[in-house]
Amino acid sequence: MEISQRVRAILSFVEAVDGGSFAAASRALGISAAAVSKNVAGLEQALGVRLMNRTTRTLSLTDEGTLFLKQARIALEALDAAVDVLAEQRVETSGHVRISSSAAFGRDHLMPVLPGLQTRYPALSVEVDFDDRVIDLVRDGYDLALRGGHIADSALVARPVCQLNMVLVASPDYLARQGIPRTPQDLAVHRLIVRRFLAGRVSPWSFRRGDGGLITQDLTPAVLTLSAPEALTQAAVQGMGIAQVGIHHAWSYLQSGQLKALLVGQHDPGHYEMVLQYPHRALMAPRVRVTVDYLLAAFAEDEALHVPLSALDDYAAR
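Below you will find a few notes about this structure. (Residues numbered from 1 in each chain as written. Predicted model: local features only at pLDDT ≥ 70, side-chain atom pairs only at ≥ 80, totals over all residues. Heavy atoms only, no water.)

### Details of the layout of surface pockets
Piece 1. Approximately 1200 Å³ is the volume found for the largest pocket.
Piece 2. Lining the largest pocket are 43 residues; nearest its centre among them are Asp 132, Arg 147, Gly 148, Gly 149 and Phe 197. (1 Å grid on protein atoms, 1.4 Å probe; cavity = no way out; pocket = protein on both sides within 12 Å on 5 of 7 lines; lining within 4 Å. Points joined across faces, edges and corners; volume = space filled by probe spheres on them.)

### Comments concerning the sheet that holds strand S13 (residues 260–262)
Piece 1. Strand order in this open sheet of 5 strands is S11-S8-S12-S7-S13, and the pairing throughout is mixed. Every interior strand has two partners, whereas the edge strands, strand S11 (224–226) and S13, have only one. Strand-to-strand twist across the sheet, computed as the mean angle between neighbouring axes with direction ignored, equals 40 degrees.
Piece 2. Alignment of strand S7 (residues 166–170) against strand S12 (residues 242–246), held across 4 bridges, turns out to be antiparallel. (Pairing = 2+ DSSP bridges. Helix = DSSP H or I, 4+ residues; strand = E, 2+ residues; numbered from the N terminus. Axes fitted to C-alpha atoms, helices over the stretch in contact; angles between N-to-C directions.)

### Topic: the side chain of Ser 12
Piece 1. Residue placement: Ser 12 occurs in helix H1 (residues 3–19).
Piece 2. Apart from residues lying up to four places away in sequence, Ser 12 is in contact with Ala 25, Leu 29, Ile 31, Val 36, Asn 39 and Val 40. (Contact = heavy atoms within 4.5 Å.)

### Topic: the packing of aromatic side chains
Piece 1. Overall, the coordinates contain 3 aromatic pairs when judged by the stated rule.
Piece 2. Measuring from centroid to centroid gives 5.2 Å for Trp 251 and Tyr 315, while their planes differ by 80 degrees, and the two rings are edge-to-face. Of the two residues, Trp 251 sits in helix H10 (residues 247–256) while Tyr 315 sits in the segment after helix H11 (286–300), which places them 64 residues apart along the sequence.
Piece 3. The cationic tip of Arg 98 hangs over the ring face of Tyr 142; the distance from NZ or CZ to the ring centre is 4.0 Å. (Phe/Tyr/Trp six-rings, centres within 6.5 Å; stacked < 30°, edge-to-face > 60°. Lys NZ or Arg CZ within 6 Å of the ring centre and 35° of its normal.)

### So, the pairing of S12
Piece 1. Most of S12 is tucked away, with 5 of its 5 residues classed as buried.
Piece 2. The pairing of strand S8 (residues 192–195) with S12 spans 2 bridges and is classified as parallel. Looking at the pairing, Ile 193 lines up with Ala 243 of S12. (Buried < 20%, exposed > 50% of the residue type's maximum accessible area, 1.4 Å probe, protein only.)

Next comes the structure, spelled out in structure tokens:
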């Protein structure tokens, strides 16, 4: 199969998968459904494997087809990016960049740096969705995603933004009423504010043992359960109890004295991280590349995202 025929066949295959039928692919490509079917059949013959099973109403990928689809998308994106690279040499970087961000991080850390991005690249348009659900970047049409937590290995490129260290906090008013916990066991008589993830799991509180291991606090008696991380910080500031929050959420309140850090040195900060993810590409479109580079540089300058654990000693309750 010649290279031009191969490209047409791959396009037919991808469009058929995305559209769910040869007819949908024919409309997208401006050719007949019979031509799409012939292109896919020729591709299968050249590869020596069946890529999809056909019925009169549906198409379904084989295991080999699923693997090939991922690589086909990468190849087509590389062709698009190659065209963009040449165009970049002639015109100002422009285009539309679609970003998915967790709600709290997007509001507190992404939004403040977007004006600088658009000042530097005025022909660039940006769309941001604030959503804590799990997304599929390729399927849902995003260029970039900002996600925090335990980041699973995937086919996506993950560029580290920062560690998301956790800290226990409470307001001075609450501590004046209820006392300062000196050990994890003291938390049993305190009012605890916990976070429940969208999937239903409660974020655990862990503490270091003398032998280097970890123990997990029983959070059953929590008086308040919230799903939004920024809401936990707000509840702690309002004196409602003790909360485990990201240092980046609490930092300004620690500095102003509205919150105090608790059990510093005993509480385990966890192993969470914030990353910037994007689909693997042999060549990245200029509009995406400049956005990635700018955001990573801007986040590197964000003090709240890079507070060393040793700094918490200065804000600990005494």
